[in-house]
Amino acid sequence: GQSRNLKKIQNGKKSGIRRALAKAAALCSLSEKCESDIRKKLLSWGLEANDSEKAIQHLIKEKYIDEKRFARFFVQDKHRFSKWGKTKISYSLKEKGISPAVIREALETIKDEDYSDQIDELLKAKLKGLKYKDIFDAKAKLFRFGMSRGFEYEKVMKAIEHAVANITQSED
């Protein structure tokens, strides 16, 4: 009696793992996912840690999960659509457990010219809707905005100078 119950439990567990694996594969097929995102999903679906690791290894082997590919897509998405700077993107990828080497490689896919143009356009657009007392107030607000978007200090400072160049000329 007990061995039959044990077999039922094991078969039930295997079918649960297969269902979770199929669900995770489908999820990975829809959009890029990293290991940590899938691990959280599998655990939230009630899979044990050991089984979820086996499932993740299978998904990696079958190329459903690829950290490099995920990082490249993540970088392009956050740069192009969310208009984030490299610092914020890098921090988010670190939080997801992506290795520093993979992060560096993915960030290199952003063209320097596109990156500079993006921060320039972002700050110019921000300045148009900004209420400020004087040039120093405008610069301070633009600085906070640029830094909060995750752009590097030097890039923000240069973009601020470009953005406020018209203000200083029109005040003369």
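Let me begin by describing the structure that accompanies this report. (Residues numbered from 1 in each chain as written. Predicted model: local features only at pLDDT ≥ 70, side-chain atom pairs only at ≥ 80, totals over all residues. Heavy atoms only, no water.)

1. What to know about the environment of Lys139
Heads up, the condition is: Strands here are runs of E lasting at least two residues and helices are runs of H or I lasting at least four, both read from the DSSP assignment and numbered beginning at the N terminus. Only protein chains enter the area calculation, which uses a 1.4 Å probe; residues under 20% of their type maximum are buried, those over 50% are exposed, and those in between are partly exposed. Here, residues are in contact when the closest pair of their heavy atoms is within 4.5 Å.
Along the chain, Lys139 falls in helix H8 (residues 135-148). Here Lys139 falls in the partly exposed class, since its relative accessible area comes to 26%. Sequence separation of Lys139 and Glu161 is 22 residues, and the distance between their C-alpha atoms is 8.4 Å. Residues within four places of Lys139 in sequence aside, it is in contact with Ile160, Glu161 and Val164.

2. Things to note about unusual backbone geometry
Not every positive phi belongs to a glycine, and Lys63 is a case in point at roughly 65°. Residue placement: Lys63 occurs in the loop between helix H3 (49-61) and helix H4 (67-80). Of note in this structure, Lys83 is not a glycine but carries a positive phi near 55°. Here Lys83 lies in the loop between H4 and helix H5 (86-95).

3. Quick look at the pattern of salt bridges
Oppositely charged side chains are able to pair whenever their charged atoms sit close together. Stated formally: A pairing counts as a salt bridge when a side-chain nitrogen of Lys or Arg comes within 4 Å of a carboxyl oxygen of Asp or Glu.
Overall, the coordinates contain seven salt bridges when judged by the stated rule. Among the salt bridges present, the one from Lys96 reaches Asp37, with a minimum N-O distance of 3.2 Å. Of this pair, Lys96 sits in the loop between H5 and helix H6 (100-107) while Asp37 sits in helix H2 (residues 35-44), and the two are 59 residues apart along the sequence. Arg39 serves as the salt-bridge partner of Glu53, at 2.5 Å between the closest nitrogen and oxygen. Highlighted residues: Glu53 in helix H3 and Arg39 in helix H2, separated in sequence by 14 residues.

4. Topic: a negative patch on the surface
Counted only if it meets this: Patches here: salt-bridge-free residues with over 30% relative accessible area, like charges joined within 9 Å, nonpolar side chains (Val, Leu, Ile, Met, Phe, Trp, Tyr) joined within 5 Å. Only the protein chains shown count as cover for residues, and the accessible areas themselves come from Shrake-Rupley with a 1.4 Å probe. As used throughout, the charge tally considers Lys and Arg to be positive and Asp and Glu to be negative, leaving His and the chain termini uncounted. Charge positions come from single atoms, namely NZ of Lys, CZ of Arg, CG of Asp or CD of Glu.
A cluster of acidic side chains, namely Glu113, Asp114, Asp117 and Glu121, defines a negative patch on the protein surface. Looking at where Asp117 falls in the secondary structure, it is placed in helix H7 (residues 112-128). In this structure Asp117 comes out as partly exposed when scored by relative accessible area, which is 34%.

5. What about the nonpolar core?
The tendency in soluble globular proteins is for nonpolar side chains to be buried side by side. Under the convention used in this document: Here, the term nonpolar core denotes a set of buried Ala, Val, Leu, Ile, Met, Phe, Trp, Tyr and Cys residues that are joined through side-chain atoms within 4.5 Å.
Of all hydrophobic cores here, the largest spans 31 residues; its most connected members are Ile89, Leu93, Ile98, Leu123, Leu127 and Leu142. Among the elements of the structure, H4, H5, H6, H7, H8 and helix H9 (153-171) are those that each provide at least two residues to this core. Considering every element that reaches this core, the biggest residue donor is H9, with six residues. Beyond its immediate chain neighbours, meaning those up to four positions away, Leu142 contacts Leu123, Lys126, Leu127, Leu130, Val156, Ile160, Ala163 and Val164. Counting residues in each nonpolar core, the second largest holds 12 residues, with Ala20, Ala55, Leu59 and Ile65 among its members.

6. Here's the deal with the packing of H4 against H6
Condition: To define axes, lines are fitted to C-alpha atoms, for helices over the stretch in contact only, and angles between the resulting N-to-C directions are given on a 0 to 180 degree scale. When an angle is under 35 degrees it counts as roughly parallel; over 145 it counts as roughly antiparallel; between 65 and 115 it counts as roughly perpendicular; any other value is oblique. If you view the pair so one helix is near and one far, a crossing is left-handed when the near helix is turned anticlockwise from the far one by less than a right angle, and right-handed when it is turned clockwise. Under the grouping applied here, Gly and all other residues not named as nonpolar or charged are polar, the nonpolar ones being Ala, Val, Leu, Ile, Met, Phe, Trp, Tyr, Cys and Pro and the charged ones Asp, Glu, Lys and Arg.
Where H4 contacts H6, the axes come no closer than 9 Å and their chain directions differ by 45°. Looking at the two axes, H4 sits oblique to H6. Pair H4 / H6 crosses with right-handed handedness. Here Glu67, Lys68, Ala71, Arg72 and Val75 of H4 lie close against H6, whose contacting residues are Val102, Glu105, Ala106 and Leu107. The residue inventory of the contact of H4 with H6, partitioned by class, reads five nonpolar, no polar and four charged.

7. Quick notes on the environment of Cys34
For Cys34, the location among the structural elements is in the loop between helix H1 (2-30) and H2. Here Cys34 falls in the buried class, since its relative accessible area comes to 0%. On a C-alpha basis, the gap between Cys34 and Ile56 in space is 9.8 Å, while along the polypeptide they are 22 residues apart. Excluding residues within four positions of it along the chain, Cys34 makes contact with Ile65, Glu67, Phe70, Lys96 and Ile98.

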